[in-house]
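# Breakdown of the fold
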Amino acid sequence: MKETEIDWSNLPFSYMKTDYNVRCTYKDGKWGEIEVSDSEYIPLHIAASCLHYGQESFEGLKAFRGKDGKVRVFRMDENARRFIRSAEGVKMQPLPEEIFCEMVRKVVKLNERFVPPYGTGASLYIRPLEIGISPRVGVSPATEYTVIMLVTPVGPYFKTGFKPTKVCLSREYDRVAPKGTGSIKVGGNYGASLVAGEKAHELGYSVMLYLDPKEKKYIDECGAANFFGIKDNTYITPASESILPSITNKSLRELARDLGIKVEERHITLEELPTFEEVGACGTAAVISPVGEIDDIDTGEKYVFSKNGEVGPVSTLLYNKLRGIQYGDEPDTHGWCEIID
Ligand code: PLP
Ligand code: COI
């Protein structure tokens, strides 16, 4: 597709073919050279461990074009380290951080024409993934692995963008088990969330908000994003073993502290929900998605945080600060962005 034909300002969050992807394979006890491919397909053994036993993990990070034309990638070292933890969590060979970062630089450079123009609100989503490729019929880890990084230009994850969205909660669904794989980014977690996610969509909600899988007492994960609530100049987000430690959430906590907002990482009960002045979901795809209403579909209880489509002041401040750093409009005082040239 020619970049002049792309409607950058109205991009959905979906796949679009770009020019190249990069790949790296672990074989005979070592990682090989980074390879460049223009194919959207991979040759795969029919008994590959990723197909049968879910030996798969992935990441999600973004590149942004600034007013100065430069392309910035946000906190790739954090994604590299989480990719290692995810691999270890399903007994895959972890990809060294240096190779991860080199692959990110390469795949962004090779697809530079797909980095959306400044001012469109869009970005280039980078999707690394790792799979076990050795044939396995007995349940055991592979000895060979492939990492692939593909990119695709994207717009907002929730159709509402930076406008309040409605989510629902139910005790009928768990995304993950209490001591399971919730804190790593493996495909199985997302497969396991599809029934609940589709249920939420059928009922007209953006996502399912999960309660903690052990006691069903505390707010856990908000679809494929972390949850936060704001009250009394405090940013409050769940402390939980079953949520993914979000890099966006970590960044927002650091920005909140910079701005003199207090930060608490702790359990949040359902009873506390009505006390929040603002509520939101955060993540690479979700950025900050303000939550205007949470409906408990088991009890019929409704928690309303925004009546007239307005976004609260703290969420707005944090959103502008984060976007400002990512697009190069604000000084990157934490050194979070790497310029790709
Ligand atoms: N929680 C889940 C389940 C996710 O899939 C994601 C997305 O990566 C997040 C939270 C947000 O994490 P991050 O901010 O690192 O993208
Ligand atoms: C992300 O925020 O990068 C995600 O992983 C969310 C979803 C697209 C899986």
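Scroll up to find the structure.
Rules behind the numbers
- For every chain, the first residue of the written sequence is number 1, and numbering continues from 1 onward in sequence order.
- By the order in which they are written, chains take letters starting at A while ligands take numbers starting at 1.
- pLDDT decides what is reported in this predicted model: residues at 70 or higher carry local features, side-chain atom pairs at 80 or more are listed and counted, and totals for whole chains, interfaces and linings draw on all residues regardless.
- Side-chain measures were taken over the full set of non-hydrogen atoms in the model, leaving aside hydrogen atoms and water.
- Working definition of a nonpolar core: buried Ala, Val, Leu, Ile, Met, Phe, Trp, Tyr and Cys residues. They are joined through side-chain atoms within 4.5 Å.
- Note on exposure labels: buried denotes an accessible area under 20% of the residue type's maximum, exposed denotes more than 50%, and partly exposed covers the range between, all computed with a 1.4 Å probe on protein chains only.
- A run of H or I in DSSP counts as a helix once it spans at least four residues, and a run of E counts as a strand once it spans at least two, with each numbered from the N terminus.
- We call two residues contacting when some pair of their heavy atoms lies within 4.5 Å.
- Throughout, the arc means the angular range of directions from the helix axis out to the C-beta atoms.
- With axes taken as lines fitted to C-alpha atoms, and helix axes fitted only over the stretch in contact, angles between N-to-C directions fall between 0 and 180 degrees.
- Throughout, the term roughly parallel applies to angles under 35 degrees, roughly antiparallel to angles over 145, roughly perpendicular to angles from 65 to 115, and oblique to all others.
- Here the term charged refers only to Asp, Glu, Lys and Arg, the term nonpolar to Ala, Val, Leu, Ile, Met, Phe, Trp, Tyr, Cys and Pro, and the term polar to all other amino acids, Gly among them.

Moving on: the nonpolar core. For soluble globular proteins, nonpolar side chains are generally found buried alongside one another. Membership of the largest hydrophobic core comes to 39 residues, with the highest contact counts inside it found for V73, F100, V104, V108 and I126. Secondary structure elements with two or more residues in this core: β1 (21-27), β5 (61-65), β6 (71-74), α2 (76-89), α3 (97-110), β7 (123-132) and β8 (145-154). Here this core takes 7 residues from α3, the largest share from any one element. Contacts of V108, omitting those with residues within four sequence positions, involve A63, V71, V73, V115, L124, I126 and I340. Residues L169, F227, L273 and A286 belong to the second largest nonpolar core, which totals 22 residues.

All right, on to unusual backbone geometry then. In this structure, D28 takes a positive phi of about 50 degrees despite not being glycine. Looking at the secondary structure, you find D28 in the loop between β1 and β2 (30-31).

Let us look at helix α5 (residues 194-202). Buried within α5 are the following residues: A196, G197 and A200. The buried residues of α5 occupy one face: seen down the axis, they fall within an arc of 100 degrees. Of the exposed residues in α5, the ones pointing more than 90 degrees away from its buried face are L194, V195 and E202. Downstream of α5 by a residue or two, G204 has a phi angle that is positive, lying close to 90 degrees.

Attention now goes to the packing of helix α6 (residues 247-258) against helix α7 (residues 313-326). Running from amino to carboxyl end, α6 crosses α7 at an angle of 110 degrees, the nearest separation of the two axes being 10 Å. Of the possible angle classes, the one that applies to α6 and α7 is roughly perpendicular. In contact with T248, S251, L252, L255 and A256 of α6, α7 contributes L318, K321, L322 and I325. Here the contact of α6 with α7 is composed, by residue class, of 6 nonpolar, 2 polar and 1 charged.

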